[in-house]
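# A closer look at the structure
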Amino acid sequence: MEFAALSSAAQLGSFNPLRTKLQSSAQHNPLQFSYASFPSSFPRVCSCKAILSTHTPTSTHKMFGLQSDDFELSALTALSPLDGRYWGKVKELSPYLSESALIYFRVLVEIKWLLQLSVIPEIVEVPSFSESAKTFLQSLIDDFSIDDALEVKNIERVTNHDVKAVEYFLKQKCQSNAEVAKVLEFFHFACTSEDINNLAHALMLKESINSVMFPVMDKIIKALCDMAKDNAHVPMLSRTHGQPASPTTLGKELAIFAVRLSRERKDLSQIEILGKFAGAVGNYNAHVVAYPNVNWPQVAEQFVHSLGLSFNPYVAQIETHDYMAKLFQSLIRFNNILIDFDRDVWGYISLSYFKQITKAGEIGSSTMPHKVNPIDFENSEGNLGVANGVLSHLSMKLPISRWQARSSRDLTDSTVIRNIPIGIGHSLLAYKSTLQGMGKLQVNEARLREDLNQCWEVLAEPIQTVMRRYGVPEPYEKLKELTRGRAVNKESIRDFIEGLDIPEEAKTNLLKLTPDTYVGAAVELARTVENVVNIVNGSNI
């Protein structure tokens, strides 16, 4: 199940912004960009000193013998760990959430809008395009490359406006096509920058989550289902308030997380990704003046739907971002459940319920050679916290704007929205860490049974419940006296049962109970979890 209102690949084009022309481009490795390839106005990576000083810094600094101008963007110089240390684990988001992806989706929206204008009868100045012209325009989308993105950035050095740079880029590209060259001024027709940006951001979110995030979420849920079924029969001591409680099975406890995560995954997939296309303040002011006989709200709705997005008809200059808040809150809930899982597994490893498969050469502690640390679950928990911090701020900030007017550069959401990849990137990194950790787990059934055999007091619950059935007075109080604050073992429990005034059949059944057989319906719940997950999601994970 994916987001509602999905478009076909034919509608959006066969996008791969890192499709390149990269074989011939110096930018083929995102970790080896040279600053020489970027406009001189781009910020340079600089070094920092450990001692704060009040003097005005010079244009260059030295760090381990290098000038700051010698630094090029690489895994070792990137300021964000997502673009450095962890790039290999999150780079699949780059085609959807990077700066080049944003430029690509802007190009796509501008071209699709020109094509939309060409089929509106009242706009005679933009006649229907020939098939060859349509093919030419589509090729600008399909063949978009890093070199094209860099060309847009070079234009932006002059315009100091990122969306206008895309418009000028397209006008330059289309001068070579005689048919399209006649209507160049209809690129960006009646649009405000936000008309382009909000659709680009919506497409970035939809495609990144459908193409990258949902598949990894599904892998986690599937892995949990498999582990739950494989360990459905493995008894485990429960702990409530940190104290021994009624036994369960390991599989059933894993099944809980599979179902919880599948519910949040479903909720995320049902969020409508909205777009607006109504001009400077949402009223189609310029549209109506230029072509008063066109039903512009209807045209805008058709256009937004053609991109695979849902239409938001009531807006000011910006799309309200309420759907973004809902989407990010849904991700936060998914992440919170995964934090809960990470911490539980961390605890089970601490109790030796799980062993971890070791890898030759790996070191757990720099001073304690025996340690095999649960680093994957710790990394996951840490990155989920970072992700939730960013996503929480986005969800609270983005729906708030000042009155009607806002350009893409004069209010705070323009810069804040660029951090969407940070929240999603740290989430992806965490998901992969959890999956990696799960792949290293080995169940230590002997240790699980050892804990159970030391806690015969957990049978107080079924004994007093059967006593209630057969009218034995004060059953709870009698079991409390037997078990609370006292050492309880198999013999003391059996002696207590033998002395009960209940039917022999009931007594025999109680005598058969052990801590590792007193698991209720846990085995069946674990074995059938995948059926429940499939029902929740309406499809097979």
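Let me sum up the structure you'll find in this document. This one's a predicted model, so the numbers in the text were calculated from it and none came from an experiment.

In this section: the overall build of the chain. Along its length, the chain carries 23 helices and eight strands. Counting over 541 residues, the chain shows a buried share of 51%. Summarising the internal contacts of the chain: among those between residues at least 6 apart in sequence, 79% fall at separations of at least 24. Of the roughly 26200 Å² of accessible surface on the chain, 53% is carried by carbon and sulfur atoms.

What follows covers the pattern of salt bridges. By the definition in use, this model includes 26 salt bridges. Ionic pairing is found between Glu-185 and Lys-171, a salt bridge with its closest N-O pair at 3.0 Å. With Glu-185 in the loop between helix 8 (178-181) and helix 9 (193-230) and Lys-171 in helix 7 (residues 162-174), this residue pair connects regions lying 14 residues apart in the sequence. Ionic pairing is found between Arg-333 and Glu-264, a salt bridge with its closest N-O pair at 2.9 Å. Of this pair, Arg-333 sits in helix 13 (residues 322-350) while Glu-264 sits in helix 10 (residues 250-269), placing them 69 residues apart in sequence. On the accessibility criterion, Arg-333 (36% relative accessible area) is partly exposed.

A separate point is the pairing of strand 3 (residues 235-240). Walk down a regular strand and you will see the side chains alternate between the two sheet faces. The pairing of strand 3 with strand 4 (residues 243-249) spans five bridges and is antiparallel. In the sheet register, Thr-240 faces strand 4, and the bridge partner there is Gln-243. The hairpin turn running from strand 3 into strand 4, its antiparallel successor, is two residues long, and His-241 in that turn takes a positive phi close to 60°.

Time to look at the layout of surface pockets. If you add up the space inside the second largest pocket, you get close to 490 Å³. Contributing elements (two or more residues each) for the lining of the second largest pocket: strand 4, helix 18 (460-469) and helix 19 (475-483). Partitioning the lining of the second largest pocket into residue classes produces six nonpolar, four polar and four charged. Residue assignment places the lining of the second largest pocket across two domains, with domain 2 (194-360 + 371-444) and domain 3 (456-514) each supplying three or more.

We now examine the nonpolar core. In terms of nonpolar packing, the biggest core is built from 127 residues, with Leu-137, Phe-277, Trp-296, Phe-328 and Tyr-431 touching the most fellow members. In terms of residues, this core owes the most to one element, helix 9, which gives 19 residues. Leave out the neighbours within four places in its chain, and Tyr-431 touches Met-213, Val-216, Met-217, Ile-220, Leu-331, Phe-334, Asn-335, Leu-338 and Leu-384. Core analysis: the second largest hydrophobic core is formed by 19 residues, Trp-456, Ile-497, Ala-506 and Tyr-518 among them.

A word on the packing of helix 10 against helix 13. Following both chains from N to C, one finds helix 10 and helix 13 inclined at 165°, their axes separated by 9 Å at the closest point. Taken as axis vectors, helix 10 and helix 13 run roughly antiparallel relative to one another. Note that helix 10 runs across helix 13; the crossing there is left-handed. Packed against helix 10, whose contacting residues are Glu-253, Leu-254, Phe-257, Arg-260, Leu-261, Glu-264, Arg-265, Asp-267 and Leu-268, the element helix 13 presents Leu-327, Ser-330, Leu-331, Arg-333, Phe-334, Ile-337, Leu-338, Asp-340, Phe-341, Asp-344 and Tyr-348 at the interface.

Rules behind the numbers
Residues numbered from 1 in each chain as written. Predicted model: local features only at pLDDT ≥ 70, side-chain atom pairs only at ≥ 80, totals over all residues. Heavy atoms only, no water. Helix = DSSP H or I, 4+ residues; strand = E, 2+ residues; numbered from the N terminus. Buried < 20%, exposed > 50% of the residue type's maximum accessible area, 1.4 Å probe, protein only. Contact = heavy atoms within 4.5 Å. Areas by Shrake-Rupley, 256 points an atom, 1.4 Å probe, with all protein chains shown as cover. Salt bridge = Lys/Arg side-chain N within 4 Å of Asp/Glu carboxyl O. Pairing = 2+ DSSP bridges. 1 Å grid on protein atoms, 1.4 Å probe; cavity = no way out; pocket = protein on both sides within 12 Å on 5 of 7 lines; lining within 4 Å. Points joined across faces, edges and corners; volume = space filled by probe spheres on them. Nonpolar A, V, L, I, M, F, W, Y, C, P; charged D, E, K, R; others polar. Domains from an automatic or database assignment. Core = buried A, V, L, I, M, F, W, Y, C linked by side-chain atoms within 4.5 Å. Axes fitted to C-alpha atoms, helices over the stretch in contact; angles between N-to-C directions. Parallel < 35°, antiparallel > 145°, perpendicular 65-115°, else oblique. Left-handed = near helix turned anticlockwise from the far one by under 90°.

Worth remembering: the numbers are spatial, not functional.
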